[in-house]
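So the chains spell out like this:
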Amino acid sequence: MKEKLKHIRTSALEQLDAADSTEKLEQLRVKFLGKKGELTAVLRGMGALSPDERPAIGQIANEIRESVEKMIAEKKEKLSAEFLQHRLESEKIDVTMPAKRFNIGHRHPLAQVEDEMCGIFRSMGFDIEEGPEVETDYYNFQALNTPENHPARDSQDTFYITDNILLRSQTSSVQVHAMERAGKPPIRVVSPGRVYRSDAVDATHSPMFHQLEGLVVDKDITMGDLKGTLETFARRMFGNDTKIRFRPHHFPFTEPSAEIDISCFMCGGKGCKVCKGEGWIEILGAGMVHPNVLSCSGIDPDAYSGFAFGMGIERIAMKKYSIDDMRLLYENDLRFLRQF
Amino acid sequence: MNLPISWLNEFVDVKDIDIKNYCDRMTDTGSKVEGWSVQAGDIENVCVGKIISVEQHPDADRLVICSVDVGEEKSRQIVTAATNVYAGAYVPVAKAPAKVAGGVSIKSGKLRGAVSDGMFCSVAELGLTLHDMPYAVEDGILILNDDPTLGDYKPGDDIKEILKLSDNIVEFEITPNRPDCLSVIGMARETAASFERTAKYHTPVLRAEDKNDNVRKYLSVTVKNSTLCPRYTAKVIKNVKIAPSPLWMRMRLHAAGVRPINNIVDITNYVMLEYGQPMHAFDYACLDGNAIVVREADEGEKFRSLDDIDHTLSAGMLVIADEKKPVALAGVMGGANSEIKDTTSIVVFESANFMGSSVRITSRALGMRTESSGRFEKGLDSEMTRIAIERACELAELLGAGDVVDGIIDVRAGEKPEAAVKFEPDRINRFLGTNIPEDRMVSILESLLFRVNDGTVYVPSWRDDVRCMNDIAEEIIRIWGYNEINSTNFRSGVKTGEYTPRKAYSLRLNNLLCSLGCWETCSFSFISPKYYDKIRMPNNDPRRKSVVIRNPLGEDTSVMRTVLLPSVLESLAHNNNSHAEDTALYETASVYLPAEDKTLQPSEPLQTAIAFYGGDFYTMKGIIETVLDDAGVLNYRTASKSNDPTYHPGRCAEIILSDKSPVAVFGELHPLTARNYGFDMPVYAAVIDTEKLASIACFDRTYKQIPRYPAVSRDFAFLCNADTEAGSIEEVIRRAGGKLVEKIDLFDVFRGEKLGAGKKSLAFNVSLRSSDHTLTDDEADKAAEKILHAVENELGFKLREM
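Residues numbered from 1 in each chain as written. Chains lettered and ligands numbered in written order. Predicted model: local features only at pLDDT ≥ 70, side-chain atom pairs only at ≥ 80, totals over all residues.

Asker: Looking at this structure, how should I read the overall build of chain B?
Answerer: Helices and strands together make up the secondary structure of chain B, namely 20 helices and 40 strands. Relative to the globule expectation of 28 Å for 802 residues, the C-alpha radius of gyration of chain B, 42 Å, shows a markedly less compact shape. Along the first, second and third principal axes, the C-alpha atoms of chain B reach 130 × 85 × 60 Å. The contacts of chain B with a sequence gap of at least 6 include a subset with a gap of at least 24, amounting to 69%. (Helix = DSSP H or I, 4+ residues; strand = E, 2+ residues; numbered from the N terminus. Rg over C-alpha atoms; globule rule 2.2 N^0.38 Å. Contact = placed C-beta atoms within 7 Å.)

Here is the structure:
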């Protein structure tokens, strides 16, 4: 019997070693360990043995069962690893073939710039204010210290609907609305939107464009605060190294007034195509709110002061993206829109 | 404003200041420099030459060979076709290699075999005109010795020196609040303050007034409206000899961009440029009577201006008139009837002050924008009329243009009161955020010719723009330096900035539409009324009533749009024409809906229009439903819409809210609409009432328990009519099944002969679920039964027999 067992062991291990598929392994398991298997048959014959022999033979038989089982398990693992390896190799693909892109659209470049600007000002505590585009003469001019027949009206050729209703020529019109709505200071708002001037379309002019207006009114607001605010904005918008420069200017609704340049974000001030060799780019107009404008909105100019600023969104977008023709912004050609 | 630096130097010496530094500092102190140029900078190596001999070219009838002394050891040979040259003439010679006006290079060469070592120049080749050089001939060489007003010159002298063509000219952008800076003296004041220098101002001196004659023998002046004409000053010049003015005056005018005419007219322009005071000169002989009246025109009064254009005046326009007729339109232009002519022998100089807004209204109404009106309308200083007219008379004497008659007519309502502003140095520093010492403030103000005395700042008469603390602060800080202000943060408390709800929703909608594959566009708010035709809007549609622009750039941009769709379709068509593949575009913007009352502003609700090609109706429906889902709008109905001519009548739907108001319309474009835009494929469009959606959008969400009990699913295939809307059956299923109905999926639409003509089968999978227990078969069956009954009773459809 011992011999028989040894033989089973040898032949099982040999055959298992030669097995090359999981199916074959299963067959061998049945052949040796199954209900009708060879080892099972031997164990069934144990009844004929003497009680002295039984434990020893039993032990040998169990050892054989265990080693065969272990061998099957090892072999199985090896085979499935080989199989996986084989499968992975056969599944290799060409990763350089074209992607299946998700078709998503983009915001218009002007909207992207506007959102970025609003985001910066919101983070500085400015509410986003709105006002009508079809505006009255009062809000667009008179309340901004620009009475009828004021020569400053010349610089903004205005579209009129009636004698008294016009298309706003500047987002500054929202200043007065904002002060009226707030009732009393503190006021801290920006207002982006469309404005209109009677300029024929060319590479640098458009009868409709976008501005962003800002207004702060409170006790003890200084021109230094205006500078600090615009400096913070410019650094966030154009990079941490951006410097700003104030030049005296004139707007009827601010006094003192300034035009503001930023150091060129392309060349850092050395002079390049974007800044036309100047090193500086003019981006906005600003100033301290004129006392007449405050009075007009019911705010006491002796108790409060404030500053206002306005900038062209097209101008900033065109500089930021190096767009050389304003008309592209309203043509909506996908070959253009896809670039932003 | 073009400022010749040599002219400025007469009042304040800046010869030692580099031109670039000059420009930078002037910009920093508030006189913005647009640019500067070297006069005649393109002309090189052109000098005075004296023609020694002129000989016929042996091989060319039309050429002569000249020998010319150009101040070199040897004379030069120059060949020319000009016919006005002669031996002894002094001419400008471009000594090859040289450059003439426009940067044209002159090189040595041979003309028909004869060497020519340069070129003689005409006025044009020096960048000048016959107005600048009235003694020259039009198509010939400039003969220098024909002009008696040139100084001394000799062969070899630089022509730019001789013709006073070597100046630096600075171009300033002067803001409308500073008309005083539209003059050499005004810029001298600014220059002096900017560079802390002292300017010398000239007091005109009249030498040889004929004391036996007096202006009152010639003229009386009456001002009828002293508000419109606060001051009128006049003087008379007799024995006038009209001639070209001398070279130095002509070249100053040329440098400043003014065309020389004759001595009298040039003097008025010269004084205007120097003092900023527009002047006028009349021919005395053309006056009817000797009484000048400054009065308002009669309605319909006729006036022919200097440029020979006839105008019909309106009441209220101010004119300068004699006894019978207007001779000048006050502050705008003189009349043709009293123009200075070559025969003029007595001249009246006028130096007056007119109210800015009146001049502005008149010049606008008549479409006459002149140098004079542009200055008056900004508001000029009434104190300067007298010094200006005296300067004009002084120049008339200097030029020998005539004899100044003694006496002056000076009609004015009274002296202009001196404006005063409280001097508040501490407040100014607080306001600016600076620490400028008080004495520095005073010295800055004084450098600008303000007086500071006893806590009061007295404003010079030419500074009507300075009336309050802010104005004084600006004067101080612009000279002190805007860039000396330290940046600070205002002290208002911490807060976050918020969007308006409408803006916040529109931002969210924009981002959603982009994520759905639509590209944002931006188009003009004004459109052509033809846009309404293109989308086939009915003639009686109220949306055809637009806000109309009274002065549009053109018909294309003449009305404010009431609908957004046509603009988006134009953009889509543009991309289709450039062969863009499947394309989806949208725009969210205001539309402008006129108020009933024309004197009120329109409402400006937000709208969104979407358009694409390369999908189908259900793609658009998917976009719309996604938008509604995102906005938290759950209660709405989709109804077919066949009465909007923009869309295909069988492929258009609208979304109706529970309050029965529509919030969106979408569908396939009517083939005729599509054709209007050149589309030959189906195009899908949608218009969303974004204003409405923003007002009902709800972003509050409450957690509902994830289902714990299994769902039971039942399929129903109904045999119905070919035109039955799936939605109508869904609605009945949902109602009949009640709250057990979790989901309804239409999974099959079948048409076939088996079903019979005009029939189709719609198969739905209905998922039933209870939130609090597992549905029993019995319950599910009962629900299914109810659904079947309801569909049969309400719609008449039975289950399709398999």
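Asker: Explanation requested: the interface of chain B and chain A in the structure shown.
Answerer: Interfaces are often sized by the amount of accessible area the parts lose when they come together. On the chain A side, the residues contacting the 78 residues of chain B number 64 residues. The dominant element in the side of chain B that touches chain A, judged by the number of residues it contributes, is helix α12 (residues 469-480) of chain B, at 6 residues. Looking at side-chain class alone, the side of chain B that touches chain A contains 29 nonpolar, 33 polar and 16 charged residues. (Nonpolar A, V, L, I, M, F, W, Y, C, P; charged D, E, K, R; others polar.)

Asker: Quick question: what am I supposed to make of the pairing of strand β39 (residues 759-768) of chain B here?
Answerer: Every regular strand shows the same layout, with side chains that alternate between the two sheet faces. Where strand β37 (residues 712-721) of chain B meets β39 of chain B, 10 bridges bridge the pair, whose relative direction is antiparallel. Across the sheet, the residue bridging to Phe 716 of chain B is Phe 764 of chain B, located in β39 of chain B. (Pairing = 2+ DSSP bridges.)

Asker: I'm lost on helix α9 (residues 385-399) of chain B in this one. Help?
Answerer: In an α-helix, one full turn covers 3.6 residues, which means residues spaced three or four apart are oriented alike. Residue and element names in this part refer to chain B. Look at α9: 21 Å from first C-alpha to last across 15 residues, which is about the 21 Å you get at 1.5 Å a residue. Looking at α9, one finds that the buried residues are Thr 385, Ala 388, Ile 389, Glu 390, Arg 391, Ala 392, Cys 393, Leu 395, Ala 396 and Leu 399. The secondary structure elements touched by the buried residues of α9 are β13 (231-238), α6 (263-275), β21 (347-353) and β22 (403-404). Where α9 ends, the next residue or the one after it, Gly 400, has phi of about 65°, a positive value. (Expected span 1.5 Å × (residues − 1). Buried ≥ 20, exposed ≤ 12 C-beta atoms within 10 Å, placed from the backbone.)

Asker: Is there a simple way to think about helix α7 (residues 173-182) of chain A in this case?
Answerer: Residue and element names in this part refer to chain A. All of the buried residues in α7 are Ser 173, Val 174, Gln 175, Val 176, Ala 178 and Met 179. The secondary structure elements touched by the buried residues of α7 are β2 (134-136), α6 (137-140), β4 (187-196), β5 (208-218), α9 (291-296) and β9 (305-312). At the exit of α7 stands Gly 183, carrying a positive phi of roughly 80°.

Asker: Looking at this model, I keep getting lost on the nonpolar core. Mind explaining?
Answerer: Soluble, globular proteins show a tendency: their nonpolar side chains are buried together. By size, the foremost hydrophobic cluster in this structure holds 203 residues, and its most contacted members are Val 91 and Ala 330 of chain B. No other element matches α6 of chain B, which puts 8 residues into this core. Those residues within four positions of Val 91 of chain B in sequence are excluded, and the remaining contacts are Gly 49, Ile 51, Val 85, Phe 120, Ile 141, Leu 142, Ile 143 and Leu 144 of chain B. Among the nonpolar cores identified, the runner-up in size contains 69 residues, and Val 195 of chain A together with Ile 535, Leu 565 and Tyr 647 of chain B belong to it. (Core = buried A, V, L, I, M, F, W, Y, C linked by C-beta atoms within 7 Å.)

Such coordinate-based values are descriptive only and should not be taken to indicate function.
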